[in-house]
Amino acid sequence: MKTAYKHWAALAQEIKDSGLWKTERIITTPQGAQIDTTATKGVINMCANNYLGLSNNEDIKKAAIEGIGRWGYGYSSVRFICGTSQLHKDLEEKLSNFLGMEDTILYSSCYDANGGLFETILTAEDAIISDELNHASIIDGVRLCKAMRYRYKNNNMEELENCLKDATEKGARIKAIVTDGVFSMDGTIADLVSVCDLADKYDAIVIVDDSHGVGVIGDNLKGAHEHCGVIERIDVMTGTLGKALGGSSGGYTTGKKAIIDILRQRSRTYLFSNTLSPIIASASIKVIDMIENDKELVGRIKENTAYFRKGLKEIGYDIIEGTHPIVPIMTYDEIKAGQLAEKMLEKGVYVIGFFFPVVPRGKARVRTQVSAAHTREQLDHALNAFKEAKAELGI
Ligand SMILES: *Cc1c(COP(=O)(O)O)cnc(C)c1O
């Protein structure tokens, strides 16, 4: 055996020995509130990012098919050669208007949006100040960039201010604060009012990755910036089309025109990667139309979230408080988190336990996610199962 394969076999064994080897359940239906897997039939799905239930929505599928009919299957080019169709421009404009921003640039994913952002707009003369709970794609994007790096404790404004002071003393030219709009393991929302206040005080810009916020929170589901009332104070937002906004794939960066202009010229993950499929672009326009016009849809995600959160509290679970459809049920104990997820599957509810290294040691949990597609009966079934599981496991 070549040395390389010996190395990887040992590494795989090491991961298995530590109990952290991930296996993937195979689903045999489209994504939805209720799904089949190769092992279980008709389970209620409470771990998808399908917040608005649009992943298999008939109107969205129709818009995707219309996209193929009008624009074809693929576009076989990056944007700046011959990969910019009117459809792509329309989606960019749609996103700008919906999110209250000046201009938008599309990427193949939000991972790429973050990967192509920091090194493009910042250099060694600048400073990036990042929340410790930020998504892996922000961390990787920051790694590519030569700017001074600071990290502050989650949502801790005192630490953020200290970083800003230090960066100012060190003479950083541009200071950029970057935070997730919604922290995905906790379902908590960044304190964007304080972030923007500090940004003003220290002449910094604000970058928000709102992948779990857009289409999910705010009166009109515009995201964390709407929820916090700071739409016009945000400089740049990155986001995904792969969660609430239809759940296929794709991402975007939106914000001040001065920044988007530079990204279009220099962002490597934009310049050297294929344009978004017309299928996704066409469906995404329809998704935003629906959010803007279907007030029932907007209401349903909020109602379902409030109902489920209240139910879990009545049962006596320790949940992280909030208003987001990500509802973490804290077990703290790692084994208990695994057992609870296992037990719930036996009772027809698909949820996943999260433990180290995804969350800190001693903070194990089952992370549930509510969807607008869940019926009241399904939520009641899930709550009842959680109640039984709690008693049976002594949580
Ligand atoms: C899911 C997520 C991403 C990645 O989005 P993709 O479009 O799937 O690459 C990036 N940032 C945050 C905060 C996310 O939650």
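Residues numbered from 1 in each chain as written. Predicted model: local features only at pLDDT ≥ 70, side-chain atom pairs only at ≥ 80, totals over all residues. Heavy atoms only, no water.

**Notes on the site of the ligand**
Note the threshold: Whether a residue is near a molecule or strand is decided by its heavy atoms; if any one of them lies within 4 Å of it, the residue is near. Two N or O atoms form a polar contact when they lie within 3.5 Å of each other; inside protein one atom must be a possible hydrogen donor and the other a possible acceptor, and for residues adjacent in sequence the pair counts only when both atoms belong to side chains. In short, Shrake-Rupley with a 1.4 Å probe defines the accessible areas, and a residue's cover is counted only from the protein chains shown. Each residue gets one label: Ala, Val, Leu, Ile, Met, Phe, Trp, Tyr, Cys and Pro are nonpolar, Asp, Glu, Lys and Arg are charged, and the others, such as Gly, are polar.
Taken together, the residues surrounding the ligand are Ser109, Cys110, Tyr111, His135, Ser137, Asp180, Asp209, Ser211, His212, Thr240, Lys243 and Gly250. Within the backbone of tyrosine 111, one N or O atom sits 3.0 Å away from an oxygen atom of the ligand. Within the side chain of aspartate 209, a nitrogen or oxygen atom sits 2.6 Å from a nitrogen atom of the ligand. Considering the ligand on its own, with 380 Å² of exposed area, one finds that the protein chains cover 83% of that surface. Split by residue class, the shell around the ligand holds two nonpolar, seven polar and three charged.

**Brief notes about the packing of helix α14 (residues 295–315) against helix α16 (residues 376–393)**
The packing of two helices is summarised by the inter-axis angle and the distance between the axes. Rule in force here: Interaxial angle, 0 to 180 degrees, is taken between N-to-C directions of lines fitted to C-alpha atoms, where a helix line uses only the stretch in contact. Under the DSSP-based scheme used, a helix requires at least four consecutive residues in state H or I and a strand at least two consecutive residues in state E, with every element numbered from the N terminus. When describing relative orientation, an angle under 35 degrees is termed roughly parallel and one over 145 degrees roughly antiparallel, while 65 to 115 degrees is termed roughly perpendicular and anything else oblique. Take the far helix as your reference; a near helix turned counterclockwise from it by less than a right angle gives a left-handed crossing, and one turned clockwise gives a right-handed crossing. Residues count as neighbours in contact if any of their non-hydrogen atoms are within 4.5 Å of one another.
Closest axis-to-axis distance for the α14/α16 pair is 10 Å, and the angle between their directions is 20°. Classed by the angle they form, the pair α14 and α16 counts as roughly parallel. Between α14 and α16 lies a crossing of right-handed hand. On α16, the residues that touch Glu303, Asn304, Tyr307, Phe308, Gly311, Leu312 and Ile315 of α14 are Arg376, Leu379, Asp380, Ala382, Leu383, Phe386, Lys387 and Lys390. The class makeup of the residues in the contact of α14 with α16 is eight nonpolar, two polar and five charged.

**Examining the state of the cysteines**
Which entries qualify depends on this criterion: Cysteine sulfur pairs qualify as disulfides if the two atoms are within 2.5 Å. For every residue, the accessible area (1.4 Å probe, protein chains only) is compared with the maximum for its type, and the residue is labelled buried under 20%, exposed over 50%, or partly exposed between those bounds.
If you walk through the whole model with that rule in mind, you get zero disulfides. Of the cysteine sulfurs around cysteine 163, a residue in no disulfide, the closest is that of cysteine 145, at 16 Å. Overall, cysteine 163 belongs to the buried group, its relative accessible area being 9%.

**Quick look at the environment of isoleucine 60**
If you trace the backbone, isoleucine 60 turns up in helix α2 (residues 58–71). For the pair isoleucine 60 and serine 108, spaced 48 residues apart in sequence, the C-alpha to C-alpha distance is 19 Å. What isoleucine 60 contacts, discounting residues up to four positions off in sequence, is Leu54, Ala283, Lys286, Val287 and Met290.

**A short note on the sheet that holds strand β12 (residues 326–332)**
Let me state the cut-off plainly: Paired strands, in this sense, are two strands between which DSSP finds at least two bridges.
Pairing is antiparallel across the open sheet formed by three strands, whose spatial order is β12-β15-β14. Each edge of the open sheet is held by one strand with a lone partner, namely β12 and β14 (352–354). Neighbour to neighbour, the strand axes of the sheet diverge by 30° on average, direction disregarded. In this structure, β14 lies alongside strand β15 (residues 364–369), joined through three bridges in antiparallel fashion. Residue pairing for β15: isoleucine 352 is matched across the bridge by arginine 367. Across the face of the sheet, α14 comes into contact with β12 and β15 while running at roughly 20° to β12. Across the sheet, helix α15 (residues 334–346) lies against β12, β14 and β15, angled at about 35° from β15, the strand it touches most.

**As for the packing of helix α8 (residues 157–169) against helix α9 (residues 192–201)**
Taken N-terminus to C-terminus, the directions of α8 and α9 make an angle of 20°; their axes are 11 Å apart at the nearest point. Considered as vectors, α8 and α9 are oriented roughly parallel to each other. The chirality of how α8 crosses α9 is right-handed. Touching Met157, Leu160, Glu161 and Leu164 of α8 are Ser194, Val195, Leu198 and Lys201, all from α9. Across the contact of α8 with α9, the residue classes tally to five nonpolar, one polar and two charged.

**Overview of the sheet that holds strand β2 (residues 43–45)**
Spatially, β1-β2-β13 is the arrangement adopted by the three strands of the open sheet, whose pairing is mixed. At either end of the open sheet lies a strand with only one pairing partner, and these are β1 (34–35) and β13 (349–350).

**Comments concerning the packing of aromatic side chains**
The following threshold applies: Two aromatic rings, drawn from Phe, Tyr or Trp (for Trp, its six-membered ring), form a pair once their centres lie within 6.5 Å of each other, and the interplanar angle then sorts them: stacked below 30 degrees, edge-to-face above 60, tilted otherwise.
One pass over the full model with this rule turns up four aromatic pairs. Geometrically, the ring pair formed by tyrosine 317 and phenylalanine 386 is edge-to-face, given 5.7 Å between the ring centres and 85° between the ring planes. A residue pair is termed long-range when its members are at least 10 positions apart, and tyrosine 317 in the loop between α14 and β12 and phenylalanine 386 in helix α16 qualify at 69 residues. Side by side, tyrosine 317 and phenylalanine 386 carry an identical accessibility label, which is buried. Ring-pair connections join several aromatic residues into one group, and the members of that group are Phe308, Tyr317 and Phe386.

**What about unusual backbone geometry?**
For the peptide bond that leads from phenylalanine 356 to proline 357, omega is 10°, which places it in the cis range. Within the secondary structure, proline 357 sits in the loop between β14 and β15. In this structure, asparagine 155 takes a positive phi of about 55° despite not being glycine. As for its placement among the helices and strands, asparagine 155 is situated in the loop between β5 (148–152) and α8. If you check the backbone angles, aspartate 203 has positive phi at about 55° while not being a glycine. Here aspartate 203 shows up in the loop between α9 and β9 (204–209). Take aspartate 203: its relative accessible area is 61%, and that puts it in the exposed class.

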